[in-house]
Amino acid sequence: MTRTPEEAAMLARSAWRHGQAGADVLRRIERSVCGCDYGGTSWTTAEEAMDIAGVLALAPGVRLLEIGAGTGWPGLFLAQETGCEVMLIDLPPTGLELARRRAEADGLSHRCQVAAADAAWMPFRDGEFDALVHSDVLCCLPEKLAVLQECRRVLAPGGRMVFSVIAVS
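Q: Please explain the environment of Ala59 as it appears in this structure.
A: Within the secondary structure, Ala59 sits in the loop between α3 (46-56) and β1 (63-67). Through-space distance from the C-alpha of Ala59 to that of Leu78 is 9.3 Å; in sequence the pair is 19 residues apart. If we ignore the near neighbours within four places in the chain, the residues touching Ala59 are Thr82, Gly83 and Cys84.

Q: Explain the pattern of salt bridges here, please?
A: When charged atoms on two side chains of opposite charge get close, those side chains can pair. In total, this model carries eight salt bridges according to the counting rule given. A salt bridge links Asp106 to Arg102; the nearest nitrogen and oxygen atoms lie 2.9 Å apart. Notably, a salt bridge pairs Arg153 with Asp126, separated by 2.8 Å at the nearest N-O pair. One end of the pair, Arg153, is in helix α6 (residues 144-154); the other, Asp126, is in the loop between β3 (112-116) and β4 (129-135), and 27 residues separate them in sequence.

Q: Would you mind showing me how to read the pairing of β1 here?
A: Two faces, one strand: in a regular strand the side chains alternate between the faces of the sheet. The element β1 is largely enclosed, with a buried count of five among its five residues. The alternating pattern of β1 places Arg63, Leu65 and Ile67 and Leu64 and Glu66 on opposite faces, both of which are buried. Note that the unit made of β1, helix α4 (residues 75-82) and strand β2 (residues 85-90) has a crossover that is right-handed. Pairing analysis gives three bridges linking β1 to β4, with the strands arranged parallel.

Scoring rules and cut-offs
Residues numbered from 1 in each chain as written. Predicted model: local features only at pLDDT ≥ 70, side-chain atom pairs only at ≥ 80, totals over all residues. Heavy atoms only, no water. Helix = DSSP H or I, 4+ residues; strand = E, 2+ residues; numbered from the N terminus. Contact = heavy atoms within 4.5 Å. Salt bridge = Lys/Arg side-chain N within 4 Å of Asp/Glu carboxyl O. Buried < 20%, exposed > 50% of the residue type's maximum accessible area, 1.4 Å probe, protein only. Right-handed = clockwise from strand over helix to strand, strands pointing away. Pairing = 2+ DSSP bridges.

Here it is in structure tokens:
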């Protein structure tokens, strides 16, 4: 797929940020602000993530899809806290590799999968997921309508979605 210069620049920025995710100072900031240290690019806090878990009714056996997962925040946290299964998708593979390693380190490999995939054209069956989340992602995507249509397509009947966006006060 051919990317616009803007899309290519956004992917390059994401890959660069994921490469910085392990920096001690960034981890300390993330722990202080968000209450976690996944190397995330979302400003979802741990408290908000638990609210999302409740809205999505996450529990063992529930299949969660996280779009724009980056390094796995908040998807891995949600899987750890609720026992759900999680599929993490994003485009820059740098973040997904960090997420895969974090899932392994946290003992979540059996309930976590990662895939490089574009949210506007997801490689999943209709109705494959019970719940869907993305944090601070939709605002950055050029194909918003296509993404929302794909989200609806891959969500099972009665499934739930939560999309959060940062709102700077």
